[in-house]
Amino acid sequence: MNYLLAQYRNIGNRTIELASLRTMLQLEKKYPLFANFRRFVLEVSIKQINEHSPLKATYKPIKKGRKIASIEFIFEGKNNNKVKAQPKEFYKASQLLTKEQRSKGKEQIAKLKAVIK
């Protein structure tokens, strides 16, 4: 379950429908009662994530009527701060693209601007 949350670590939360979560974990036919699913799957997973990963995770069941429809996972870094995204410098094109790629991109943008005008 850690990999399901790690994909959204920059956001800090993720909501997953209960049926989708069961499918992702390949538990469609196991634990039909939510109480058992919570006890044997969710609680154990959250405990392991909190012990063995850099995330501190909790969850909140979301009801639709009287039935649990989805689960919201809330997670943050162990130092009680939201898990931070990479600094802006990480995303600079100068670090990601070669000089040739940047110049070709500039040329294509200039052509597009000419077509638009």
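I will try to describe carefully the structure that is included in this document. (Residues numbered from 1 in each chain as written. Predicted model: local features only at pLDDT ≥ 70, side-chain atom pairs only at ≥ 80, totals over all residues. Heavy atoms only, no water.)

**Notes on the overall build of the protein**
Consideration 1: For the protein, the helix and strand inventory stands at five helices and three strands.
Consideration 2: Reading the protein from its N terminus to its C terminus gives the helix and strand order α-β-α-α-β-β-α-α.
Consideration 3: Sorting the 117 residues of the protein into buried and exposed places 25% on the buried side.
Consideration 4: Taking the intrachain contacts of the protein between residues at least 6 apart in sequence as the baseline, contacts between residues at least 24 apart amount to 45%.
Consideration 5: Here the protein displays about 9200 Å² of accessible surface, and carbon together with sulfur accounts for 54% of that area. (Helix = DSSP H or I, 4+ residues; strand = E, 2+ residues; numbered from the N terminus. Buried < 20%, exposed > 50% of the residue type's maximum accessible area, 1.4 Å probe, protein only. Contact = heavy atoms within 4.5 Å. Areas by Shrake-Rupley, 256 points an atom, 1.4 Å probe, with all protein chains shown as cover.)

**Here we look at the nonpolar core**
Consideration 1: Ranked by size, the top nonpolar core spans 17 residues in total, and within it Leu-21, Phe-34, Phe-37, Leu-42, Ile-71 and Phe-73 carry the most contacts.
Consideration 2: It is helix 3 (residues 34–52) that contributes the most residues to this core, six residues altogether. (Core = buried A, V, L, I, M, F, W, Y, C linked by side-chain atoms within 4.5 Å.)

**Quick look at the pairing of strand 2 (residues 55–64)**
Consideration 1: Relative to strand 3 (residues 67–77), strand 2 runs antiparallel, the two sharing ten bridges. Residue pairing in the sheet places Lys-56 in a bridge with Glu-76 of strand 3.
Consideration 2: Connecting strand 2 to the antiparallel partner strand 3 that follows it, the hairpin turn spans two residues, and Gly-65 within it adopts a positive phi of roughly 75 degrees. (Pairing = 2+ DSSP bridges.)

**Focus: the environment of Arg-22**
Consideration 1: Position of Arg-22 relative to the elements: it lies in helix 2 (residues 18–24).
Consideration 2: The buried category is assigned to Arg-22, whose relative accessible area is 11%.
Consideration 3: For the pair Arg-22 and Pro-32, spaced ten residues apart in sequence, the C-alpha separation works out to 9.8 Å.
Consideration 4: Setting aside chain neighbours within four positions, we find Arg-22 in contact with Leu-27, Glu-28, Lys-30, Tyr-31, Pro-32, Leu-33, Phe-34 and Phe-37.
Consideration 5: Polar contacts involving the side chain of Arg-22 include one to the main-chain carbonyl oxygen of Lys-30, which spans 3.3 Å. (Polar contact = N/O pair within 3.5 Å; in protein donor to acceptor, adjacent residues only side chain to side chain.)

**Topic: the pattern of salt bridges**
Consideration 1: Applying the stated rule across the entire model yields one salt bridge.
Consideration 2: The salt bridge partner of Glu-72 is Lys-60, with a shortest N-O separation of 3.4 Å. Highlighted residues: Glu-72 in strand 3 and Lys-60 in strand 2, separated in sequence by twelve residues. (Salt bridge = Lys/Arg side-chain N within 4 Å of Asp/Glu carboxyl O.)

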